[in-house]
Amino acid sequence: QVQLVESGGGLVQAGGSLRLSCAASGTRISVNSMAWYRQAPGKQRERVAHITSGGRTTYADSVKGRFTISRDNAKNTVYLKMNSLKPEDTAVYYCNTIIYSTGIGYWGQGTQVTVSS
């Protein structure tokens, strides 16, 4: 059974930093694509960062240059380092993976990030 568990969210002032973690079990993240999404109140869920099994990364324009997605295969964990946070980054952040062998996607439970002005 695939499980994703996010952690690291919290309350931070504008300009601050946070690092989110997504610990995976039931699958090896090294062979799957991994992504971070976020959903603010009243808005659609959007993808903010993505990393392929080969290590290629892509970012939403709104976070490019401020957020960095990375992966520790030994710990089976994906990270999202967020710098220069803005109030508009406030959202619930979700980890997502698509299993390489089945094409099935899985979500974590989400972690709240709140940026105060």
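Procedures and definitions
Residues numbered from 1 in each chain as written. Predicted model: local features only at pLDDT ≥ 70, side-chain atom pairs only at ≥ 80, totals over all residues. Heavy atoms only, no water. Phe/Tyr/Trp six-rings, centres within 6.5 Å; stacked < 30°, edge-to-face > 60°. Helix = DSSP H or I, 4+ residues; strand = E, 2+ residues; numbered from the N terminus. Buried < 20%, exposed > 50% of the residue type's maximum accessible area, 1.4 Å probe, protein only. Lys NZ or Arg CZ within 6 Å of the ring centre and 35° of its normal. Pairing = 2+ DSSP bridges. Axes fitted to C-alpha atoms, helices over the stretch in contact; angles between N-to-C directions. Contact = heavy atoms within 4.5 Å.

Draft legend 1. Fine view of the packing of aromatic side chains. Following the criterion strictly, the structure yields two aromatic pairs and no others. When the centroid spacing of 4.8 Å and the interplanar angle of 65 degrees are considered together, the rings of Tyr37 and Trp107 count as edge-to-face. One end of the pair, Tyr37, is in strand E4 (residues 33-39); the other, Trp107, is in strand E10 (residues 105-107), with 70 residues separating them in the sequence. Looking at Trp107, the relative accessible area reads 41%, which means it is partly exposed. For the pair Tyr94 and Trp107, a centre-to-centre distance of 6.4 Å together with 90 degrees between the ring planes defines the contact as edge-to-face. One end of the pair, Tyr94, is in strand E9 (residues 91-98); the other, Trp107, is in strand E10, and 13 residues separate them in sequence. Given the relative accessible area of 14%, Tyr94 is considered buried. In this structure an aromatic cluster arises from ring pairing among Tyr37, Tyr94 and Trp107. A cation sits over an aromatic face here: Arg45 above Tyr94, 3.7 Å from the ring centre.

Draft legend 2. Representation of the pairing of strand E11 (residues 111-116) in the model. Going residue by residue along E11, you find Thr111, Val113 and Val115 tucked away on one face and Gln112, Thr114 and Ser116 left uncovered on the opposite face. Inspection of the sheet shows strand E2 (residues 10-13) paired to E11 by four bridges, in the parallel sense. Across the sheet, the residue bridging to Leu11 is Thr114, located in E11. Where E9 lies against E11, three bridges are found, and the strand directions are antiparallel. Bridge pairing in E11 places Tyr93 opposite Thr111.

Draft legend 3. Looking closely at the sheet that holds strand E7 (residues 67-72). One open sheet holds the four strands; their spatial order is E1-E3-E8-E7, and the pairing between them is antiparallel. Since the sheet does not close on itself, it has two edges, and those belong to strand E1 (3-7) and E7, each with one partner. With strand direction ignored, the average angle separating the axes of adjacent strands in the sheet is 15 degrees. Judged from the six bridges that link them, strand E3 (residues 18-25) and strand E8 (residues 77-82) form a sheet pairing that is antiparallel. Residue pairing for E8: Leu20 is matched across the bridge by Leu80.

Draft legend 4. Quick peek at the side chain of His50. Relative to the assigned elements, His50 resides in strand E5 (residues 46-51). By relative accessible area, His50 is classed as buried at 14%. Setting aside anything within four residues of it in sequence, one finds His50 in contact with Ser33, Met34, Ala35, Arg56, Thr57, Thr58 and Ile69.

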